[in-house]
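Reading the structure
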Amino acid sequence: LLALRPRCSDAPRLPVRRQRSLLASGAAAHCRVRTDSMPVLVRNAHKFTFYTQFVCVGGSPNRMKAFAQFMHKELGLEGSGEDVADICAGTDRYAMYRTGPVLSISHGMGIPSISIMLHELIKLLHHAKCRDVTIIRIGTSGGLGIKAGSVVITDTAVDASFQPRFEQVVLGDVVVRSTDLDRELAEELLACSKEVPNFPTLIGHTMCTYDFYEGQGRLDGALCSFSSEKKLEYLKRAHKAGVRNIEMESTAFAAMCRLCGLRAAVVCVALLDRLEGDQIRAPREVLREYQQRPQRLIAAFIRRRLGLC
Ligand code: R2B
Ligand code: URA
């Protein structure tokens, strides 16, 4: 019944009685994973019941606030939506906004950051008994052989060796998890992109790295241990393996959502073509518009799902 109950054998499980007492008391001490923000989230769990259908996550708190405000307008909800409140204000962990059936949450940069947020979010959705939730990461990335401003819908997230896996160290052992994403959802998003004019959208592999500089083959970090030729050879190999963009969260996101039974997608705009350079040189206004592209696509998708267009 509880579609969001973690299905992996090693996931933390709370006996039903302990879950109830946790909800009643709002006490984080009962959780095996203790966090500062959990008491707030658990105490507010009832507010989400049977309501949240779409969860959108992205790196920046400001961008995710702007997305919530944008969705408020797109869904034709009452009021301007400008005053949307941060449900997690005061925790300093991440920002969370809700508008209608949409939850918009920031996850910071990199795998450790998104994975903390996802653990807490998935427990929240579970306690709130949310079902059939679709979760989408909207973000930025470096493109590979594609025009800056293109939007990539990920079919498979791959690691820096182009393998579809996420390696997590658990109790000192490396546990390998699959990073496949929902194929149907990716196709549905691609179909929606036809309704959003003025930018190219494609499906491809997304490479996820642990670092923005050396880890993504950049020559302009504080450290660089390879030549320009070696960098290009690596990036071309990635392109040949089907990689169309590079970012820093997709493997952990895909693996966790898959294990917990969430339908998930990753939609990122490319800020540059990495085969042409390392630095993001587009003017601020251009970058702002690029970052709105995944948001516009997801708005079209949600409107379509809700029968609003
Ligand atoms: C995209 O952009 C960030 C790095 O600048 C990182 O969070 C990502 O995945
Ligand atoms: N985010 C990344 O991780 N890499 C880029 O090149 C651009 C944005």
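The structure this text deals with has already been given above.
The following paragraphs examine the structure supplied in this document. For every chain, the first residue of the written sequence is number 1, and numbering continues from 1 along that sequence. All chains are assigned letters beginning with A, and all ligands numbers beginning with 1, in the order in which they are written. Per-residue local features of the predicted model are confined to residues with pLDDT of at least 70, and side-chain atom pairs are confined, for both listing and counting, to 80 or more; whole-chain, interface and lining totals are unaffected and use all residues. As a rule here, side-chain values cover all heavy atoms of the structure and leave hydrogens and water aside.

A few points about the packing of aromatic side chains
Each Phe, Tyr or Trp ring (for Trp, its six-membered ring) is paired with any other whose centre lies within 6.5 Å, and the angle between the two planes then decides the class: stacked below 30 degrees, edge-to-face above 60, tilted in between. A complete count under the given rule lists three aromatic pairs for this structure. On the basis of an interplanar angle of 75° and a centroid distance of 5.0 Å, the ring pair of F212 and Y213 is categorised as edge-to-face. Judged by relative accessible area, which is 36%, Y213 ranks as partly exposed. Over a ring means this: the NZ of a Lys or the CZ of an Arg is within 6 Å of the ring centre and within 35 degrees of the ring normal. Over the ring of F212 we find R218, and its NZ or CZ is 3.8 Å from the ring centre. Here's how the labels work: a residue is buried when its accessible area is under 20% of the maximum for its type, exposed when over 50%, partly exposed in between, all with a 1.4 Å probe on protein chains only.

What about the site of ligand 1?
In the vicinity of ligand 1, the contacting residues are M109, R137, T140, F212, E247, M248 and E249. As used in this structure description, the phrase polar contact means that two N or O atoms lie within 3.5 Å; if the pair is within protein, one of them must be able to donate a hydrogen and the other to accept it, and residues adjacent in sequence are counted only when both atoms belong to side chains. In the environment of ligand 1, an oxygen atom lies 2.8 Å from a nitrogen or oxygen atom belonging to the backbone of M248. Per-residue accessibility takes into account occlusion by the displayed protein chains alone, with areas from the Shrake-Rupley method and a 1.4 Å probe. Coverage of ligand 1 by the protein amounts to 81% of the 270 Å² it exposes when considered alone. Charged means Asp, Glu, Lys or Arg here, nonpolar means Ala, Val, Leu, Ile, Met, Phe, Trp, Tyr, Cys or Pro, and polar covers whatever is left, Gly included. Taken together, the residues of the shell around ligand 1 sort by class into three nonpolar, one polar and three charged. We call a residue near a given molecule or strand whenever any one of its heavy atoms falls within 4 Å of it.

A few points about the packing of helix α5 (residues 183–193) against helix α8 (residues 284–305)
Axis lines are fitted to C-alpha atoms, over the contacting stretch for helices. Their N-to-C directions set the angle, which ranges from 0 to 180 degrees. By definition, any uninterrupted DSSP run of H or I lasting at least four residues is a helix, any uninterrupted run of E lasting at least two residues is a strand, and each is numbered from the N terminus. Look at α5 against α8: their axes get within 9 Å of each other, and the N-to-C directions meet at 105°. Taken as axis vectors, α5 and α8 run roughly perpendicular relative to one another. Between α5 and α8, the contacting residues are L185, E188, L189, A191, C192 and S193 on the first element and L297, I298, A300, F301, R304 and R305 on the second. Each residue belonging to the contact of α5 with α8 can be placed in one class, and the counts come to eight nonpolar, one polar and three charged. In this scheme, roughly parallel covers angles under 35 degrees and roughly antiparallel covers those over 145, while 65 to 115 is roughly perpendicular and the rest are oblique. Whether two residues are in contact is decided by their heavy atoms: any pair within 4.5 Å suffices.

What about the site of ligand 2?
Around ligand 2, the surrounding shell consists of T140, S141, G142, F212, Q216, R218, I246, E247, M248 and L272. The backbone of G142 places a nitrogen or oxygen atom 3.5 Å from an oxygen atom of ligand 2. In this structure, R218 approaches ligand 2 through a side-chain N or O atom, which is 2.6 Å from an oxygen atom. Here the element with the most residues in the shell around ligand 2 is strand β4 (residues 134–143); it accounts for three residues.

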